[in-house]
Amino acid sequence: MQKEALKEGISIQIVSAYRSFNHQKKIWNRKYKQYILEGFSEQQTIAKIIEYSSIPGTSRHHWGTDIDIIDNARSRPKKLLIESNYTKNRIYSKLKIWMDKNASNFGFYLVYNNNPTRKGYKYEPWHYTYKPLSKKMLEEYLKINIFNFYKNSSIKGSHLFLEIFLKMYSFEHILGVNLEILN
Ligand SMILES: [Zn+2]
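Below or above, wherever it landed, is the structure these notes cover.

Rules and cut-offs
- Along each chain, the written sequence defines residue order, and numbers are assigned to residues from 1.
- Totals for whole chains, interfaces and linings use all residues, but because this is a predicted model, local features are given only for residues with pLDDT of at least 70 and pairs of side-chain atoms are given and counted only at 80 or more.
- Strands here are runs of E lasting at least two residues and helices are runs of H or I lasting at least four, both read from the DSSP assignment and numbered beginning at the N terminus.
- As defined in this context, the radius of gyration uses C-alpha atoms, and a globule is described by 2.2 Å times the residue total to the power 0.38.
- Counting other C-beta atoms within 10 Å of its own, a residue is labelled buried from 20 upward, exposed at 12 or fewer, and partly exposed in the gap between, with every C-beta atom placed from the backbone.
- Contact criterion: two residues are in contact if their C-beta atoms, reconstructed from the backbone, are within 7 Å.
- A pair of strands counts as paired when DSSP detects no fewer than two bridges linking them.
- Orientation is described by lines fitted to C-alpha atoms, with helices fitted over the stretch in contact, and by angles between N-to-C directions that extend from 0 to 180 degrees.
- Think of a nonpolar core as buried Ala, Val, Leu, Ile, Met, Phe, Trp, Tyr and Cys residues, each tied to the set through C-beta atoms within 7 Å.
- Each angle gets one of four labels, with under 35 degrees taken as roughly parallel, over 145 as roughly antiparallel, 65 to 115 as roughly perpendicular, and the rest as oblique.
- Crossing handedness: left-handed means the near helix sits turned counterclockwise from the far one by under a right angle, and right-handed means the same turn made clockwise.
- Comment: arc refers to directions from the helix axis out to C-beta atoms.

Across its full length, the protein carries six helices and four strands. Tracing the protein from N to C terminus, the helices and strands come up as α-β-α-α-β-α-β-β-α-α. Computed over C-alpha atoms, the radius of gyration of the protein comes to 17 Å, within 12% of the 16 Å expected from 2.2 N^0.38 for 183 residues, which places it in the range of a compact globule. Counting the 183 residues in the protein, one finds 27% classified as buried. Across the protein, every contact between residues at least 6 apart in sequence was considered, and the portion connecting residues at least 24 apart equals 69%.

The two faces of strand β4 (residues 127-130) match: His127 and Thr129 on one face and Tyr128 and Tyr130 on the other face are all buried. Relative to β4, strand β2 (residues 66-71) runs antiparallel, the two sharing three bridges. Residue pairing in the sheet places Ile67 in a bridge with Tyr128 of β4. Sheet topology note: the strand β3 (residues 108-110)/β4 ladder contains three bridges and is antiparallel. Within β4, the position partnered with Phe108 by the bridge is Tyr130.

Reading across the sheet, the four strands line up as β1-β2-β4-β3 and stay open at both edges, with antiparallel pairing between neighbours. In this open sheet, the two strands that pair with only one neighbour each are β1 (12-16) and β3. Strand-to-strand, the axes of this sheet are offset by a mean angle of 45°, without reference to chain direction. Here four bridges tie β1 to β2, and the two strands are oriented antiparallel to one another. Within β2, the position partnered with Ile12 by the bridge is Asp71. Sitting on the sheet, helix α5 (residues 131-141) is in contact with β2, β3 and β4, with an inclination near 85° to β4.

It is worth spelling out the nonpolar core at this point. The biggest cluster of nonpolar side chains holds 22 residues, and the ones touching the most others in it are Ile69, Ala103, Phe108, Tyr109, Val111 and Tyr128. What Tyr128 contacts, discounting residues up to four positions off in sequence, is Asp66, Ile67, Ile69, Ala103, Phe108, Tyr109, Leu110 and Val111. In terms of nonpolar packing, the next biggest core, distinct from the first, is built from seven residues, Trp28, Tyr32, Ile46 and Ile55 among them.

This part is about the environment of Phe149. Looking at the element boundaries, Phe149 is found in the loop between α5 and α6 (163-174). Distance from Phe149 to Asn113, taken between C-alpha atoms, is 29 Å for residues 36 residues apart in sequence.

Running from N to C, helix α2 (residues 21-37) and helix α3 (residues 42-49) point in directions that differ by 130°, and their axes come no closer than 9 Å. Overall, the two elements α2 and α3 adopt an arrangement that is oblique. In this structure, the crossing between α2 and α3 has a hand that is right-handed. Two secondary-structure elements touch here, α2 through Trp28, Lys31, Tyr32, Tyr35 and Ile36 and α3 through Thr45, Lys48 and Ile49.

Our focus in this paragraph is α3. If you check which residues of α3 are buried, you get Thr45, Ile46 and Ile49. Summarising the axial view, the buried residues of α3 lie within an arc of 95°, below the 170-degree limit, and thus occupy one face. Residues of α3 that are exposed and point over 90 degrees away from its buried face: Gln43 and Ala47. Tucked inside the fold, the buried residues of α3 contact α2.

Structural data, given as structure tokens:
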């Protein structure tokens, strides 16, 4: 896919791929501390983090099947992974248009698309999954009961991961994906 894109002057560059549980925990705990310092309640803090970031243990980046991409043929803006970089006439719009047209021919699909009926994470025009592997990963993942896993964990705010919350989170965030990758 990189080779084909390069023929049209687009240099697909992965900026994030596999992330370990501990890496995700660092991201989570850093954001948690920051939002609490800014005055948000614990519940508000969790709600804000899960707009874009996963509870450690639930990220698709743990599977090694998902990537966040930019176009390395362009000079890097200060913030890479923001929606406005990928919209019309912006720095990564050429990449986005090319991916819209070609990615599925290589097995890659946008996960958190801009379908307004999709719940969970906000629109992420940079995050792609390799469906031939990740479809099976999701099927296996859904067999796990994650509730017990978070008892006495060192993840900040995990005392609020009650069964009802995790059920809702699984439904909205883990299953809140592009329907094309479920079928
Ligand atoms: Zn991602």
